[in-house]
Amino acid sequence: MTYTFGLDTFGDRNSDAGGKPLSHAQTIRNVAEEGVFAEQAGVDFFGIGEHHTGYFPMPAGDVVLAAIAARTERIRLGSAVTVLSSDDPVRVFQRYSTLNAISGGRAEVILGRGSSIESFPLFGYDLADYEELFEEKATLFAELLKGGPVTWEGKTRAPLLNQDVVPHTESGPFPAWIGVGGNPQSVIRAARLGFSLALAIIGGPPARFAAYSQLFQRALEKFGRPPLPVLVHSPGHVAATDEQAKAEFWPRWQDIITLIAPERGFAIPTEESFDRETGPHGALYVGSPETVAQKIATSLRALGATRFDLKYGMPGLTHDQLMTNIKLYGHQVIPRVRELLS
Amino acid sequence: MREPGRLAVLGAGHVGPVIARLAVRAGYPVAIATSGDPEDIALITELVIPGAQPRWAADAVADADIVVLAIPLHRFLDVDPGLLHGKLVVDAMNYWPASDGVLKAFEDGGSSEIVARRLAGSTVVKALNHIGYHELEDRARPAGAPDRRAAGVAGDDPAAAVTIASLVDRIGYDPVRLGSLRAGRVLQPGGPVFGAVLPLPEFERAVREDARSLT
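A quick note: this is a predicted structure, and the numbers were derived from the prediction, not measured.

The rules behind the values
- Residues numbered from 1 in each chain as written.
- Chains lettered and ligands numbered in written order.
- Predicted model: local features only at pLDDT ≥ 70, side-chain atom pairs only at ≥ 80, totals over all residues.
- Helix = DSSP H or I, 4+ residues; strand = E, 2+ residues; numbered from the N terminus.
- Rg over C-alpha atoms; globule rule 2.2 N^0.38 Å.
- Buried ≥ 20, exposed ≤ 12 C-beta atoms within 10 Å, placed from the backbone.
- Contact = placed C-beta atoms within 7 Å.
- Pairing = 2+ DSSP bridges.
- Nonpolar A, V, L, I, M, F, W, Y, C, P; charged D, E, K, R; others polar.
- Core = buried A, V, L, I, M, F, W, Y, C linked by C-beta atoms within 7 Å.
- Axes fitted to C-alpha atoms, helices over the stretch in contact; angles between N-to-C directions.
- Parallel < 35°, antiparallel > 145°, perpendicular 65-115°, else oblique.
- Left-handed = near helix turned anticlockwise from the far one by under 90°.
- Expected span 1.5 Å × (residues − 1).
- Right-handed = clockwise from strand over helix to strand, strands pointing away.

J.: I'm lost on the overall build of chain A in this one. Help?
T.: For chain A, the helix and strand inventory stands at 11 helices and 12 strands. Taken against the 2.2 N^0.38 rule, which gives 20 Å for 342 residues, the C-alpha radius of gyration of chain A at 19 Å falls within 12% of a compact globule. Principal-axis analysis of the C-alpha atoms places the extent of chain A at approximately 60 × 40 × 40 Å. Taken across its 342 residues, chain A has 50% of its residues classed as buried. Expressed as a percentage of contacts within chain A between residues at least 6 apart in sequence, the contacts between residues at least 24 apart total 72%.

See the structure below:
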C-alpha cells in the first residue's frame with residue numbers, strides 16, 4: 001500500500017513573536033515559503049483552502065500555488081478546498097489546468113464547502129441553494145475533467161454546447177476529490193460522479209467515519225466504477241513535545257473557534273474538550289512527532305485511507321512555529337507513520 | 001417501562017442518520033426516509049444506520065408513533081402538512097441564517113413555534129436540535145453515567161413532551177423539560193445551550209439565567 005502525506009493551510013494570518021498580526025500580504029508570502037519548504041522537508045502534497053476573511057485572507061490560493069510550483073519540482077499542489085458552489089466550474093477547471101501546466105502535472109483539486117460560507121454573500125449566492133449549486137457544478141466539473149468538448153445545461157450557469165475548454169491537460173484528468181464532512185449523501189455523490197473522497201474530520205472520534213469509507217467503496221461498485229482513494233483531512237500542530245505543541249496551539253484554537261462558533265455551529269472549546277480532541281480518540285493531531293504519527297497511523301488504518309493531510313497553522317501562530325511544524329512533520333512524522341503502517 | 005414507539009426519521013443528511021442510529025441502539029424500530037426513493041438511501045442505511053429501514057416518507061410516517069424532522073429548514077417549507085397530520089413530530093431543525101441563509105418565513109419568532117403553526121394538525125415538540133451532529137452520538141451515555149449530559153425538550157402538549165423526554169433519555173441524555181415551545185427558544189442558535197453539551201446542573205443554570213435575562 002502506498003501512503004501519501006500532505007499539509008493544508010487556509011492562509012491562517014500569522015502573528016509576529018510579540019503577538020502582533022502580520023499583514024495579509026506578508027502572510028501570503030509566508031504561505032509560499034511554507035509550500036516550498038514542505039517539498040524540501042519531504043511532504044508529498046501542499047493544499048490551500050479558499051477563505052475570504054481577515055483571519056484566513058486566502059481567496060485566490062491557486063495564485064499562491066502557482067508561485068510554489070515555479071520554485072518546486074516534486075510536491076503535488078492543490079486546493080483544500082475550492083468552494084465550488086460559489087465559483088464557476090469552467091473557471092476552476094481553467095485555473096487548475098493552468099496550475100497543472102505550470103507545475104508539470106502536479107495539480108489537484110478538492111471540491112467542497114468546508115465549513116466556510118462567506119463566499120456565498122460575497123459572490124451573490126443564496127445559501128439555501130447550496131445543494132443544487134453543488135450538485136450541478138460538481139456534475140459539470142466531472143465532465144470538464146474528462147477533457148474534450150463539453151455539452152452541458154443546467155440552472156446555475158450558462159449552457160455549454162460542444163464547448164472546447166482550454167488549456168487541455170497533457171496526460172488526462174488531474175486528481176479531483178470531493179470533501180465530505182458528515183453527510184452520507186455527499187459520499188454517494190462523490191462515488192456517482194467518480195471523484196475520490198476527502199473526509200474532513202474536525203471533531204469527534206475519527207473512527208466513526210469508517211462507515212463512510214466503506215459506503216464510498218460500495219457505492220463505487222454499485223455505480224460500476226473502479227476503487228478510488230480516500231484521504232483524511234484534520235487540523236493539528238506538531239512541536240518538539242506534546243506540552244509545547246498544546247501550549248502553542250490551544251490559545252489560538254480557542255480564539256478562532258470561539259470567534260467562528262456562532263456561524264458554523266461549533267461548540268465553544270473548553271480545556272476539557274481540547275484535551276478530548278487532542279487525545280487518542282479526538283480529531284486534533286496536536287503533539288510531539290511520535291504522538292501525531294501514532295494517531296495518524298491509527299486513523300488511516302481505521303478508515304481504510306491512503307492519504308493524510310494535516311491542516312497546519314492557526315491564526316496567531318508565527319511563521320517560525322509553522323516552519324518548525326513543517327520540518328517535524330516532514331522529517332519525523334511522515335517516516336514514522338510509514339514505518340508504523342509497513 | 002413502556003415499549004418504545006416506532007420512529008420515522010425524515011432526512012438522511014448530517015443529522016438524520018445520527019438520530020436514527022442512536023434510536024436503533026436504544027431499541028426503537030426506526031424507518032428513515034427522504035423526499036425520494038428509498039432505494040437511493042438503501043446503501044447508506046445498510047452501512048451507516050444498520051438496523052433501520054429505508055422507506056418512502058409517506059409509509060414511514062403512516063406507521064410511526066414519533067416522526068423526527070431532520071431536514072434543512074428551507075426544505076421543510078416544501079413538506080405537505082397533511083403528511084404529518086395527527087402525528088407526534090420532533091422538530092430537530094434549526095433556523096440559522098448565518099449558516100443556512102435567511103428564510104423570510106422564520107425571521108420572526110421561535111422556529112419551532114412557526115413549524116407548529118404550519119403543522120396545525122400535528123403535535124410538535126422541539127428536541128435534539130441543539131447538540132451538533134458531530135457530538136450527538138459521541139456524548140450519549142446511559143442513565144446514571146457520571147459524564148452524562150443534558151438535552152432540552154420543549155413542547156406545549158405535556159403528554160407529548162413526556163414521550164419525547166423518554167426518547168431523549170433512552171438515546172443517552174438527561175432530558176430537561178421546558179414548559180412550552182416558546183420556552184424552547186433557549187435551545188435555538190444564539191441561545192445559551194446551543195452547541196454546548198452541558199451536564200444537567202449547568203444546563204439548568206444556563207437556561208434559568210437566560211430566562212431571567214429576558215424578564
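On we go.
J.: Is there a simple way to think about the overall build of chain B in this case?
T.: Looking only at helices and strands, chain B has 9 helices and 8 strands in total. Its C-alpha atoms give chain B a radius of gyration of 16 Å, within 12% of the compact-globule value 17 Å for 215 residues. Along the longest, intermediate and shortest principal axes, the C-alpha atoms of chain B span 50 × 40 × 30 Å. Burial statistics for chain B: of 215 residues in total, 53% are counted as buried. Look at the contacts in chain B between residues 6 or more apart in sequence, and 62% of them connect residues 24 or more apart.

J.: Can you help me understand the pairing of strand β7 (residues 149-155) of chain B in this one?
T.: The side chains of a regular strand alternate, first on one face of the sheet and then on the other. All names here are of chain B. The buried count for β7 comes to 7 of 7 residues, which makes it a mostly enclosed element. Pairing between strand β6 (residues 123-127) and β7: 3 bridges, direction antiparallel. Across the sheet, residue K126 finds its bridge partner in β7, namely A154. Pairing analysis gives 6 bridges linking β7 to strand β8 (residues 173-178), with the strands arranged parallel. Note that in β8 the partner of A151 across the bridge is P175.

J.: Hey, could you run me through the interface of chain B and chain A in this one?
T.: Where interface size is given, it is often the accessible area lost as the parts come together that is meant. Residue-level contacts link 23 residues of chain B with 26 residues of chain A. Counting residues per element, the ones that place at least two in the side of chain B that touches chain A are α2 (42-48), α5 (97-100) and α7 (133-136) of chain B. Looking at the side of chain B that touches chain A element by element, the count peaks at 4 residues for α2 of chain B. Broken down by class, the residue content of the side of chain B that touches chain A amounts to 11 nonpolar, 9 polar and 3 charged.

J.: Help me understand the nonpolar core in this model?
T.: As a rule of thumb, soluble globular proteins bury nonpolar side chains together. L199 of chain A together with I19, V67, V68, L69 and V90 of chain B are the most contacted members of the largest nonpolar core, which totals 171 residues. Beyond its immediate stretch of four places on either side in the chain, V67 of chain B contacts A8, L10, V61, L84, K87, L88, V89 and V90 of chain B.

J.: How do you make sense of the packing of helix α1 (residues 24-41) of chain A against helix α11 (residues 319-341) of chain A when you look at a structure like this?
T.: Packed helix pairs are characterised by how far apart their axes lie and by the angle those axes make with each other. Residues and elements named next belong to chain A. Two numbers describe how α1 lies on α11: the axes approach to 9 Å, and their chain directions differ by 20°. With respect to their mutual orientation, α1 and α11 come out roughly parallel. The chirality of how α1 crosses α11 is right-handed. Contacts between α1 and α11 pair N30, E34, F37, A38 and A41 from the former with H319, L322, M323, I326, K327, Y329, G330 and H331 from the latter.

J.: I'm lost on the environment of Q332 of chain A in this one. Help?
T.: Structurally, Q332 of chain A can be placed in helix α11. Separated by 290 residues in sequence, Q332 of chain A and G42 of chain A place their C-alpha atoms 9.8 Å apart.

J.: Is there a simple way to explain unusual backbone geometry in this structure?
T.: Most of the time, phi is negative for any residue but glycine, and the peptide bond is trans. With an omega of 10°, the peptide bond running from A80 of chain A to V81 of chain A counts as cis. In this structure, V81 of chain A sits in the loop between β3 (76-79) and β4 (82-83). Between V166 of chain A and P167 of chain A the backbone carries a cis peptide bond, its omega angle lying at 0°. Following the sequence through the fold, P167 of chain A ends up in the loop between β7 (160-163) and β8 (176-180). Phi is positive for N162 of chain A, close to 50°, though the residue is something other than glycine. With respect to the helices and strands, the residue N162 of chain A is situated in strand β7. The exposed category is assigned to N162 of chain A, around which 8 C-beta atoms lie within 10 Å. Phi at L128 of chain B takes a positive value of approximately 60°, unusual for a residue other than glycine. Structurally, the position occupied by L128 of chain B is in the loop between β6 and α7.

J.: Honestly, the sheet that holds strand β4 (residues 66-69) of chain B in this entry has me stumped. Any pointers?
T.: Pairing between sheet strands relies on hydrogen bonds along the backbone, with the strands arranged either parallel or antiparallel. Residues and elements named next belong to chain B. Sheet architecture is open: 8 strands sit in the order β3-β2-β1-β4-β5-β6-β7-β8, paired in mixed fashion. Each of the sheet's edge strands pairs with one partner strand only, and the pair in question is β3 (53-54) and β8. Helix α6 (residues 111-118) contacts β5 (88-91), β6 and β7 of the sheet and is inclined by roughly 160° relative to β6.

J.: Sorry if this is basic, but what is going on with helix α8 (residues 158-171) of chain B here?
T.: Structural remark: α-helix, 3.6 residues per turn; residues separated by three or four positions point the same way. Residue and element names in this part refer to chain B. The end-to-end C-alpha separation of α8 is 20 Å, in line with the 20 Å expected for 14 residues at 1.5 Å each. Among all positions of α8, only A161, T163, I164, A165, L167, V168, R170 and I171 are buried. Where the residues of α8 are buried, they touch α1 (16-25), β4, β5, β6, β7 and β8. One or two positions beyond α8, positive phi appears at G172, with a value near 130°.

J.: How do you make sense of the pairing of β8 of chain B when you look at a structure like this?
T.: Counting buried residues along β8 of chain B, 5 of its 6 residues qualify, which places the element largely inside the surrounding structure. Regarding topology, α8 of chain B serves as the crossover connection from β7 of chain B to the parallel β8 of chain B, and that connection is right-handed.

J.: Got a minute to help me understand helix α6 (residues 184-193) of chain A in this structure?
T.: All of the buried residues along α6 of chain A are P184, S186, V187, I188, A190 and A191 of chain A. Summarising the contacts, the buried residues of α6 of chain A are in contact with β8, β9 (196-200) and α7 (210-222) of chain A together with α1 and α2 of chain B. After α6 of chain A finishes, the residue G194 of chain A shows a positive phi value of roughly 80°.

J.: Please explain the environment of V36 of chain A as it appears in this structure.
T.: All names here are of chain A. Note that V36 resides in helix α1. Residue classification places V36 among the partly exposed positions, given that 18 C-beta atoms sit within 10 Å. For V36 and I188, which are 152 residues apart along the polypeptide, the C-alpha to C-alpha distance reads 35 Å. If near-sequence neighbours (up to four positions away) are discounted, V36 is found in contact with I68, R71 and T72.

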